[in-house]
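An overview of the molecular structure
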Amino acid sequence: MSIIRTDKLVFEYTRKDEENNVTETVRAIDGVDLDIEKGDFIAILGRNGSGKSTLAKHINALLYPTGGTIWVGGMDTKDDAKLWDIRQTAGMIFQNPDNQMVASVIEEDVGFGPENMGVPTEEIWKRVAHSLEAVGMTAYAKKSPNHLSGGQKQRIGIAGVLAMRPQCIVMDEPTAMLDPIGRREVIKTVHELNKTEHITVILITHYMEEAVDADHVFVMEHGQVKLQGTPREVFSRVDELKALNMSVPQVTELAYELKKSGVDIPDGILKIEELTEALCHLN
Amino acid sequence: MLKDMTLGQYYPVDSMVHRLDPRTKLAGTLLYIISLFITNNVVGYAIAFLFLCLCIGLSHVPPKYILKGLKPVLVLMFISVFFNLFFIKGEPVLFSWKFITITQPGLRQAILMAVRLVFLISGSALMTYTTTPTALTDGMEKGLGFLKVFKVPVHEIAMMMSIALRFIPILAEEADKIQKAQMARGAVFDEGNLIQRAKALVPLLVPLFISAFRRATDLAMAMEARCYHGGDGRTKMHPLKYGRNDMLVYTAFLAYLALVFISRKISIGI
């Protein structure tokens, strides 16, 4: 069953000069068709300005399409009556971990979503405890978020969304402001949630390495989906990715160059171990 | 510089004061402030001091931490002392040189005013140290809920305040960062007269404001994404309920207030 589906999705916005005259119309999303299955781990890749963040905001009904339709859990986001149901179905994590924390105590921040939804008090506490456990932050429940690392803050953000019992989590470059350790921490947490809680994850990123373990990868450019498929399929098309000014994971690039210069190894190598394996089996 | 500011920040320990209903603490703080304006002699101030010590002791907040919180208001205290000291006329004159005269009532008033300010700020700071901003918000929202009848947006005001408190340390850190970046490019913040210093703050404040607005947009979006839609239909993680301790504290405050009233009648000549 598909959890998110878009049909010829278009989003346009206008730039205005100082006198409020429209100077240009920008098409941030240009006819995107997506069909995302429940329980999948999806990665959306793209450079800055490729429309990937705009797409994310459509899933949470923070933006509405100019053309086409998007359904989240079967609900059309243009249906105002369903707004809160849609936002509860698809939770959202943003880039800056500080700017999405409302409360000064971690457990209260995690409880913010359920409070807004009108969940009874006892149930909120259960959800908060469960969510904090799921992201491995139970020990910090009563602490202030100011003393956490970026990765930990982002995990609290994930717990906050989790407490709303979403079917899907949309993450808009959640690791862009984190150090490598924090980045690994967050990605690992999301993968665990995807496996244990069967939550659909849509990870928007420009780090290729983070997309390697996804079930399905979309590559966006100029508001359109240019490439899609499993990570292996997508990353074996090194030339096409480069034409889109995108890099591929280092190992993949090395394997690709080796293959081009005549070494006999398979296509679409994504991990260091795979390359080692392939090289050891040469002779 | 701004990062060590402790004023208004929650101090996370567990104590009887921390567990009180926020409405009790709000009302208590208000009563305490009123009491400070009722007292007019040393006995009253001594009572106020002892009561404050009792509260601080019960709260498990280190006194050092509270003293540290007084730092940002030193300027205010200095100004008040200055005006009281030099501009109150009366007899007897203690010191006189050219146009400067210090009188005994002036000196007395200056000292009492400074003490009053210290008590007032410590007392209200104790409330914010022992109450999470969310609890404070809840307390205000419920305690002042009756104002809704007059179309006062109580929930919105309370939410704004709690968010402001949440972002104080973040913006303070940011101000520090911007200041260092400007200093690295040759800006001078700690030289020159008052006007020059104020002018030097402009390149600090402009980027700070821009960043604050950007954060506000981000936060608004994040709140909406988490289904925030005002106070209607919201449930609470900590629903407010008065307990036995709250009643005890209310009684203690009333007793304290009565003592302060009685102290007005006592005069020991100072």
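Residues numbered from 1 in each chain as written. Chains lettered and ligands numbered in written order. Predicted model: local features only at pLDDT ≥ 70, side-chain atom pairs only at ≥ 80, totals over all residues. Heavy atoms only, no water.

1. Observations regarding the interface of chain B and chain A
- On the chain A side, the residues contacting the 31 residues of chain B number 39 residues.
- Both sides of the chain B and chain A interface together cover about 3100 Å² of buried area, and 56% of this is carbon and sulfur.
- Sorting the residues of chain B by area buried against chain A places Arg166(B), Arg226(B) and Met237(B) first, and these three jointly supply 30% of that buried surface.
- Joining chain B to chain A, the criterion identifies 4 salt bridges.
- Joining chain B to chain A, the criterion identifies 17 residue pairs in polar contact (both at pLDDT 80 or more).
- Put simply, the parts of the chain that give the side of chain B that touches chain A at least two residues each are helix H7 (133-143), helix H8 (154-184) and helix H10 (202-225) of chain B. (Contact = heavy atoms within 4.5 Å. Buried area = accessible area lost by both parts, 1.4 Å probe. Salt bridge = Lys/Arg side-chain N within 4 Å of Asp/Glu carboxyl O. Polar contact = N/O pair within 3.5 Å; in protein donor to acceptor, adjacent residues only side chain to side chain. Helix = DSSP H or I, 4+ residues; strand = E, 2+ residues; numbered from the N terminus.)

2. Some words on the packing of H7(B) against H8(B)
All names here are of chain B.
- Two numbers describe how H7 lies on H8: the axes approach to 9 Å, and their chain directions differ by 160°. Judged by the inter-axis angle, H7 sits roughly antiparallel to H8. Judged by the sense of rotation from one axis to the other, the crossing of H7 with H8 is right-handed. Contact with H7, carried on its side by Pro 133, Leu 136, Thr 137, Met 140 and Glu 141, involves Val 154, His 155, Ala 158, Met 159, Met 161, Ser 162 and Leu 165 of H8 and no other residues of that element.
- Split by residue class, the contact of H7 with H8 holds 8 nonpolar, 3 polar and 1 charged. (Axes fitted to C-alpha atoms, helices over the stretch in contact; angles between N-to-C directions. Parallel < 35°, antiparallel > 145°, perpendicular 65-115°, else oblique. Left-handed = near helix turned anticlockwise from the far one by under 90°. Nonpolar A, V, L, I, M, F, W, Y, C, P; charged D, E, K, R; others polar.)

3. Points about the domain arrangement of chain B
All names here are of chain B.
- Domain assignment breaks chain B into domain 1 (1-131 + 240-270) and domain 2 (134-237).
- Computed from C-alpha coordinates alone, the two centres of domain 1 and domain 2 are separated by 27 Å.
- At the interface, 13 residues of domain 1 touch 15 residues of domain 2.
- Of the roughly 1200 Å² buried between domain 1 and domain 2, counting both surfaces, carbon and sulfur atoms make up 73%.
- Between the two partners, domain 1 and domain 2, sit 0 salt bridges. (Domains from an automatic or database assignment.)

4. Some details on the sheet that holds strand E7 (residues 168-172) of chain A
Residue and element names in this part refer to chain A.
- Taken together, 6 strands build an open sheet; the order of strands is E6-E7-E8-E3-E9-E10 and the sheet is mixed. Lying at the two open borders of the sheet, with one neighbouring strand each, are strand E6 (90-93) and strand E10 (224-229). When the angles between neighbouring strand axes are averaged without regard to direction, this sheet yields 20°.
- Looking at chain direction, E7 and strand E8 (residues 200-205) are connected through 5 bridges and run parallel. When the sheet's bridge partners are listed, Met 171 is paired in E8 with Leu 203.
- Strands E6 and E7 of the sheet are contacted by helix H6 (residues 150-162), whose axis makes an angle of about 165° with E6. (Pairing = 2+ DSSP bridges.)

5. Points about helix H7 (residues 180-196) of chain A
Residues and elements named next belong to chain A.
- Along its 17 residues, H7 runs 24 Å from first to last C-alpha, staying within 8% of the 24 Å computed at 1.5 Å per residue.
- Listed as buried for H7 are Gly 182, Val 186, Ile 187, Thr 189, Val 190, His 191, Leu 193 and Asn 194.
- Against strand E3 (41-46), helix H5 (121-134), H6, E7, E8 and helix H8 (208-211) lie the buried residues of H7.
- Positioned one or two residues after H7, His 198 has a phi angle of 55°, which is positive. (Expected span 1.5 Å × (residues − 1). Buried < 20%, exposed > 50% of the residue type's maximum accessible area, 1.4 Å probe, protein only.)

6. Topic: helix H5 (residues 74-87) of chain B
Residue and element names in this part refer to chain B.
- With 14 residues, H5 extends 20 Å between its outermost C-alpha atoms, agreeing within 8% with the 20 Å of an ideal straight helix rising 1.5 Å per residue.
- Taken as a whole, H5 has its buried residues at Met 77, Ser 80, Asn 84 and Leu 85. Looking straight down H5, one finds that the buried residues subtend no more than 125° of arc, so they occupy a single side. Every exposed residue of H5 that faces more than 90 degrees away from the buried side is listed here: Val 75, Phe 78 and Phe 87.
- Contacts from the buried residues of H5 go to strand E2 (100-103) and helix H6 (104-130). (Arc of directions from axis to C-beta.)

7. Some points on the pairing of E6(A)
Residue and element names in this part refer to chain A.
- Both faces of E6 are covered, namely the face carrying Ala 90 and Met 92 and the face carrying Gly 91 and Ile 93.
- Sheet topology note: the E6/E7 ladder contains 4 bridges and is parallel. Paired with Gly 91 across the strands is Ile 169, a residue of E7.

8. Details of the environment of Val149(B)
Residues and elements named next belong to chain B.
- Structurally, Val 149 can be placed in the loop between H7 and H8.
- We classify Val 149 as exposed; its relative accessible area is 68%.
- C-alpha separation for the pair Val 149 and Met 161, spaced 12 residues apart in sequence, amounts to 21 Å.

9. Thoughts on the pattern of salt bridges
Residue and element names in this part refer to chain A.
- Summed over the entire model, instances satisfying the criterion amount to 26 salt bridges over all chains.
- Note that Arg 27 and Asp 30 form a salt bridge whose closest N and O atoms lie 3.0 Å from each other.
- Residue Arg 27 is classed as partly exposed on the basis of its relative accessible area, which comes to 42%.
- Its relative accessible area of 23% is what places Asp 30 among the partly exposed residues.
- One salt bridge connects Arg 232 with Glu 274, and the closest N-O pair in it is separated by 3.0 Å. In this pair, Arg 232 sits in helix H9 (residues 231-235) while Glu 274 sits in helix H12 (residues 272-280), placing the two residues 42 residues apart along the sequence.
- When its relative accessible area of 25% is taken as the criterion, Glu 274 is described as partly exposed.

10. Some remarks on the nonpolar core
Residues and elements named next belong to chain A.
- With 49 residues, the main nonpolar core has Leu 132, Ile 158, Ile 169, Met 171, Val 219 and Phe 235 as its most contacted residues.
- For this core, the element with the highest residue contribution is H6, accounting for 5 residues.
- Apart from the residues within four sequence positions on either side, Val 219 is in contact with Leu 45, Gln 224, Val 225, Lys 226, Leu 227, Val 234, Leu 241, Leu 244 and Met 246.
- Core analysis: the second largest hydrophobic core is formed by 32 residues, Leu 62, Ile 70, Val 72 and Ile 204 among them. (Core = buried A, V, L, I, M, F, W, Y, C linked by side-chain atoms within 4.5 Å.)

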